[in-house]
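The chain contents come next:
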Amino acid sequence: MVEPYKNTQELDHSRPFKVHTWSNYPEVNAFIDQIYNDHLSDLSRISKGNLKPLLLDLYVCWYYDPDMVLAVHRDTAKYKKGTRYRAIHVSPKMITVMDILEERGFIYRSQALHFPEEGIGRITRIWPTDKLINLFENATFDIFAIGLHPRTETVVMHDADKNDIEYKDNRNTSKWRKDLAKYNKLLEETYIDIANLEEPYIDRKPKRGSKKNTRISINQQNKHVFRVFNEDWSHGGRFYGSWWQSIGKDYRKHIRINNERTIEIDYSGFHIALLYAQSGVNYFQEYGLKADPYDIHVPEINDPDYKRWVIKQLMLFFINCSSEDEAIKVMQTYPTPDNQNRPEGLVLSNVLLRSILDQLKAKHSEISDHFCTGVGSKLQNIDSRMTYNLINTFTNDQIPLLTIHDSYIVAEQHTEFLFSEMLKEWKAVALKGKHIKGTGLASIETDLAYTGVKQLGYRGEAYDIEEERGGKKHIKAMELKEKELKPCKGYLQRLSLWNRWLERNVQSSDSGA
């Protein structure tokens, strides 16, 4: 039985209401029609355009996590029409719909809290009652029939405070939107999951000063990708929205695409290498393909993985901030990712971080003109254009490509194709087609001299054709891989549900034809 009251911890276990939740499947529309006709048809104040996304998102939230609640705004401005970021079917009457659903026993509601002086604030929370859950449990449609409205905006512009702002469409924005529609359709039709997760979620560590975990839902509704620019079209432009961008590499190596194991390849020290290239220096040709731009001596940190993470983040903040003091302050408040363990007792003091900055300045004196210039957003624009081109290349070939800014994941069979396309984009976009300190571009062997890339995952690189079964090193590596990447029962059950859904869809399409 669902309780009408929840404590603070239970209310914090929430996610935002997605106003663009939608479906055009007949079974879903019949479900909404039934609730409206049986319980709400006597009211003229309620519209299906507001009712449908609210009920469907309540259903999705409940389906994947019955204890999770929806965080909803009660400000009419949040549902105001006339902006590209609002779904065309939603209006300020959404608040009336919430009130009616509460009055008629379909949802419970917890009031918003606002105590600015104490730094405490929480918007309204809602969750389904037993009455609504009973309807959910008897629904005849599949969870995969629910997605986002096709006119959900995918090209977003932010102001300096990261608020959505309006802009005038041009030829580029129209093309970006069209290409993203194709990409999102491919992702929508692709099963993407983490094969070692029994339950489809990951609980991330609480941020500093908070006791609340952040839950990342790993499901087929959480794959929609959009692009975000910062103040103009030459800053930012990176791709966001998908669940794989919110998890660490230790989880990403278990990602499967249509049940195929995957490989991740990223550009090594991308922004650093790019700044060197803009200064006329090929970093990996100058210092070697295995050179690490973040390799400096920091004896105060004894965990090598955490040390490298701190150095890398501080360097990126150093490039992006306007002063050393700002970079240090941002680093001290930046949350530690789940795959990093901060050594007990370690304090990222001003003295420690400034000593790291001093070493980075000495190590990278050739690009010192870029430090504390805020150039990071422009560099993001460059890597976003490379990512955009890669997305289009792979989407046109109907190959799902998962992006994490300057890192990319594909099914294992497409590893070589991704590798070669990444190197092409490096030269075409990052270097603007120029050759730095080198001869021409003739082959992948030549291309390797132009930037460094790193593959996460084993694909038989140690295979020896002269040895039985590829040799002992290869056999051992494959045995470890098979053991580590073995799918669990929960994953296989979710995959089975998806395959049955696909089969029913094919049968439905055939009978309709």
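Here the structure is a predicted model, which is why all the values come from computation and not from measurement.

Q: Quick one: what's the story with the sheet that holds strand S7 (residues 124–128), residue by residue and with numbers?
A: Spatially, 4 strands are ordered S1-S3-S7-S4 in an open sheet, and the strand pairing comes out mixed. Of all the strands in the sheet, the pair left with one neighbour each is strand S1 (14–16) and strand S4 (107–110). Averaged over all adjacent pairs, the angle separating strand axes in this sheet is 35°, with direction ignored. Here 4 bridges tie S4 to S7, and the two strands are oriented antiparallel to one another. Bridging across to S7, Ser110 finds its partner in Arg125.

Q: Just give me the short version of the environment of Ser14, but keep the residues and values in it.
A: With respect to the element layout, Ser14 can be found in strand S1. Each C-alpha atom of the pair Ser14 and Thr214 lies 8.9 Å from the other, and the pair is 200 residues apart in sequence. Apart from residues no more than four positions distant in its own chain, Ser14 is found in contact with Met68, Val69, Ala71 and Arg125. There is a polar contact of 3.3 Å between the side chain of Ser14 and the side chain of Arg125.

Q: Go over the confidence of the model for the chain, please, and point to the residues and values.
A: Confidence in the prediction for the chain averages 88 pLDDT; 90% of positions are at 70 or higher. Contacts from residues 438–449, a stretch scored under 50 in pLDDT, to residues over four places away or in other chains number 18 contacts.

Q: Can you break down the packing of helix H6 (residues 171–188) against helix H13 (residues 376–396) residue by residue, with the values?
A: The contact between H6 and H13 brings their axes to 10 Å, and the two run at 50°. Here H6 is positioned oblique relative to H13, judged by the angle of their axes. The handedness of the crossing between H6 and H13 is left-handed. Contacts from Lys175, Trp176, Asp179, Lys182, Tyr183 and Leu186 in H6 reach Tyr388, Ile391, Asn392 and Thr395 in H13. Of the residues contributing to the contact of H6 with H13, the split by class is 5 nonpolar, 2 polar and 3 charged.

Q: Can you tell me about helix H14 (residues 415–430), naming the residues and giving the values?
A: Along its 16 residues, H14 runs 21 Å from first to last C-alpha, staying within 8% of the 22 Å computed at 1.5 Å per residue. In terms of residue burial, H14 counts as a mostly covered element, since 12 of its 16 residues are buried. Listed as buried for H14 are Thr415, Leu418, Phe419, Ser420, Glu421, Met422, Leu423, Glu425, Trp426, Lys427, Val429 and Ala430. Lys432 sits one or two positions beyond H14 and adopts a positive phi of about 55°.

Q: How would you summarise unusual backbone geometry if you had to cite specific residues and measurements?
A: Non-glycine residue Lys162 carries a positive phi angle of around 70°. Within the fold, Lys162 resides in the loop between strand S9 (155–158) and H6. What makes Lys162 exposed here is its relative accessible area of 68%. With a phi close to 55°, Cys372 is a non-glycine residue in the positive phi region. Take Cys372: its relative accessible area is 21%, and that puts it in the partly exposed class.

Q: How would you explain the nonpolar core if you had to name every residue and give the values?
A: Ranked by internal contacts, the top residues of the largest apolar core, which has 87 residues, are Trp243, Ile255, Ile356 and Trp426. Sort the elements by how many residues they give to this core and helix H10 (residues 304–320) lands first, with 9 residues. Among residues more than four places away in sequence, those in contact with Ile255 are Ile192, Asp193, Ile194, Trp243, Trp244, Ile247, Glu260, Arg261, Thr262, Leu402 and Ile409.

Q: Run through the sheet that holds strand S14 (residues 236–240), naming residues and quoting values.
A: Taken together, 3 strands build an open sheet; the order of strands is S9-S13-S14 and the sheet is mixed. With partners counted over all chains shown, the strands left at the sheet margins are S9 and S14, one partner each. Sheet twist, expressed as the average angle between the axes of neighbouring strands with direction ignored, equals 25°. Pairing geometry for S9 and strand S13 (residues 226–230), over 4 bridges, is parallel. Across the sheet, His158 pairs through a bridge with Asn230, a residue of S13. Along the sheet, H13 makes contact with S13 and S14, crossing S14 at roughly 50°.

Q: If you had to explain the state of the cysteines to someone new, which residues and values would you point to?
A: Covalent bonding between the sulfur atoms of two cysteines defines a disulfide. Counted under the stated rule, the structure contains 0 disulfides. In this structure Cys372 is not part of a disulfide, and its nearest cysteine sulfur, from Cys321, lies 7.4 Å away.

Q: Let's hear about the environment of Asn222: which residues, and what values?
A: Relative to the elements of secondary structure, Asn222 occurs in the loop between strand S12 (214–217) and S13. Between the C-alpha atoms of Asn222 and Trp244, which are 22 residues apart in sequence, the distance is 9.2 Å. Setting aside chain neighbours within four positions, we find Asn222 in contact with Lys18, Ser217, Gly241, Ser242 and Trp243.

Quick notes on the rules
- Residues numbered from 1 in each chain as written.
- Predicted model: local features only at pLDDT ≥ 70, side-chain atom pairs only at ≥ 80, totals over all residues.
- Heavy atoms only, no water.
- Pairing = 2+ DSSP bridges.
- Helix = DSSP H or I, 4+ residues; strand = E, 2+ residues; numbered from the N terminus.
- Axes fitted to C-alpha atoms, helices over the stretch in contact; angles between N-to-C directions.
- Contact = heavy atoms within 4.5 Å.
- Polar contact = N/O pair within 3.5 Å; in protein donor to acceptor, adjacent residues only side chain to side chain.
- pLDDT = per-residue confidence, 0-100.
- Parallel < 35°, antiparallel > 145°, perpendicular 65-115°, else oblique.
- Left-handed = near helix turned anticlockwise from the far one by under 90°.
- Nonpolar A, V, L, I, M, F, W, Y, C, P; charged D, E, K, R; others polar.
- Expected span 1.5 Å × (residues − 1).
- Buried < 20%, exposed > 50% of the residue type's maximum accessible area, 1.4 Å probe, protein only.
- Core = buried A, V, L, I, M, F, W, Y, C linked by side-chain atoms within 4.5 Å.
- Disulfide = S-S within 2.5 Å.

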